[in-house]
Amino acid sequence: MRGQFTGWPEQAMDVLWQLQGEPAHATRERYRADRERLVRQPMIALLNDIADTDPRYEDFSVWHYRTGSWWWQHQGAVIRLGRKIEIGLRFSLDGLRIQGAWWYPDPGQVDMFRRAVASEGRGRELSAVVEDVRKKGYDISGDVMKRPPRGYPADHPRANLLRHRSLIAARPLGCEEWLHTPEAVDRVLSAAADLDALLMWLVRHVKRAA
């Protein structure tokens, strides 16, 4: 049952506004407690509510601020679904953003991905899934080679996918009034459903290398 997340307070935007640019150390310290309470803690509450809906979403982390200004201006979180396969969330003055990603692969994972993409059945499945996600408004990106890898023909029907050494689907969810309400939980769950087929394909076929 839900109840932890009530929305980001409107004052959260005021705090992030004060942290724009290259804020001095004194400025960061002045807003540290407010940022924790108004920006980071709501993200933790959101992720707890998301985890309550599906056990697959229980392994999550909500980042601290680190040293760079960017980390103070953007509150990140990840939900881990498999080895180097995750849902990422980011809250900032631009609103909430989501991505589904397989990235920073372990040794051997790229070869596993390529073999699955080259396989007729598994490869066609991924191609259709990626196209469906793209039509839903997600940008498809990643670490992409200029040409297909050695050992695969340049005219392979899925040459574009074979060039990927990581695969990311991302889009902004918006910066409307719902951010300040529990409705944000449903917005994230809806976007996670958009990404589910892609991420589960990756979980099945890009396992941790032996």
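Coordinates for the structure precede this section.
Procedures and definitions
Residues numbered from 1 in each chain as written. Predicted model: local features only at pLDDT ≥ 70, side-chain atom pairs only at ≥ 80, totals over all residues. Heavy atoms only, no water. Helix = DSSP H or I, 4+ residues; strand = E, 2+ residues; numbered from the N terminus. Buried < 20%, exposed > 50% of the residue type's maximum accessible area, 1.4 Å probe, protein only. Contact = heavy atoms within 4.5 Å. Areas by Shrake-Rupley, 256 points an atom, 1.4 Å probe, with all protein chains shown as cover. Lys, Arg positive; Asp, Glu negative; His and termini not counted. Charge placed at Lys NZ, Arg CZ, Asp CG, Glu CD. Axes fitted to C-alpha atoms, helices over the stretch in contact; angles between N-to-C directions. Parallel < 35°, antiparallel > 145°, perpendicular 65-115°, else oblique. Left-handed = near helix turned anticlockwise from the far one by under 90°. Phe/Tyr/Trp six-rings, centres within 6.5 Å; stacked < 30°, edge-to-face > 60°. Arc of directions from axis to C-beta. Pairing = 2+ DSSP bridges. Salt bridge = Lys/Arg side-chain N within 4 Å of Asp/Glu carboxyl O.

**A few points about the overall build of the protein**
The helix and strand tally for the protein stands at seven helices and six strands. Judged by the C-alpha coordinates and their principal axes, the protein covers about 55 × 40 × 35 Å. Relative to its full complement of 210 residues, the protein shows a buried share of 48%. Sequence separation of at least 24 residues holds for 66% of the intrachain contacts in the protein that already meet a minimum separation of 6. Total accessible area on the protein stands at roughly 10900 Å², and carbon and sulfur atoms take up 49% of it. Separation between the mean location of the 32 positive side-chain charges and that of the 28 negative ones in the protein comes to 9 Å.

**A closer look at the packing of helix 1 (residues 11-18) against helix 2 (residues 25-53)**
Here helix 1 crosses helix 2 at 155°, and the two axes come no closer than 9 Å. Judged on the interaxial angle alone, helix 2 and helix 1 are roughly antiparallel. Crossing angle aside, the handedness with which helix 1 passes helix 2 is left-handed. From helix 1, Q11, A12, V15, L16 and Q18 reach across to helix 2, where they touch T27, Y31, D34, R35, L38 and V39.

**Quick word on the packing of aromatic side chains**
Under the definition given, this model contains seven aromatic pairs. Seen in terms of ring centroids, W70 and W71 are 5.1 Å apart; in terms of plane orientation they differ by 80°. Their pairing is edge-to-face. Linked through ring pairs, F5, W8 and F91 together constitute an aromatic cluster.

**Considering helix 4 (residues 109-118)**
All of the buried residues in helix 4 are Q109, V110, F113, R114, A116 and V117. Here the buried residues of helix 4 occupy an arc of 165° about the axis, which is enough to place them on one side. Buried residues in helix 4 make contact with strand 4 (95-102), helix 5 (120-135), helix 6 (159-162), strand 6 (167-174) and helix 7 (183-205).

**Topic: the pairing of strand 2 (residues 75-82)**
Each regular strand displays side chains that alternate between the two surfaces of the sheet. Most of strand 2 is tucked away: six of the eight residues are buried. Across three bridges, strand 1 (residues 60-62) lies against strand 2 in antiparallel orientation. Its bridge partner being in strand 2, S61 is matched across the sheet by V78. Here seven bridges tie strand 2 to strand 3 (residues 85-92), and the two strands are oriented antiparallel to one another. Within strand 3, the residue paired with I79 across the bridge is I87.

**Here's the deal with the pattern of salt bridges**
Taken as a whole and judged by the stated rule, the model has 18 salt bridges. Residue E120 pairs with R124 through a salt bridge whose shortest N-O separation is 2.6 Å. Highlighted residues: E120 and R124, both in helix 5, separated by four residues, approximately one helical turn. E120 gets classed as partly exposed once you look at its relative accessible area, which sits at 43%.

**With respect to helix 1**
Of all the residues in helix 1, the buried ones are A12, M13, V15 and L16. What you see down the axis of helix 1 is that its buried residues fit within an arc of 160°, all on one side. Residues of helix 1 that are buried make contact with helix 2, helix 3 (69-73) and strand 3.

**What about the sheet that holds strand 5 (residues 139-141)?**
The six strands are arranged 1-2-3-4-6-5 in an open sheet whose pairing can be described as antiparallel. Both edges of this open sheet fall to strand 1 and strand 5, since each of them pairs with a single strand only. Within this sheet the neighbouring strands show an average axis-to-axis angle of 15°, counted without direction.

**Quick look at the environment of R32**
Positionally, R32 belongs in helix 2. Exposure remark for R32: the relative accessible area of 35% places this residue in the partly exposed category. Distance in space between the C-alpha atoms of R32 and I50 is 26 Å, their sequence separation being 18 residues. In this structure R32 touches Y65 and W72, once residues within four positions along its chain are discounted.

**What about the side chain of D194?**
By secondary structure assignment, the location of D194 is in helix 7. D194 sits in the buried class, given a relative accessible area of 17%. Dropping the residues within four chain positions of it, D194 is found in contact with V133, K136, Y138 and R171.

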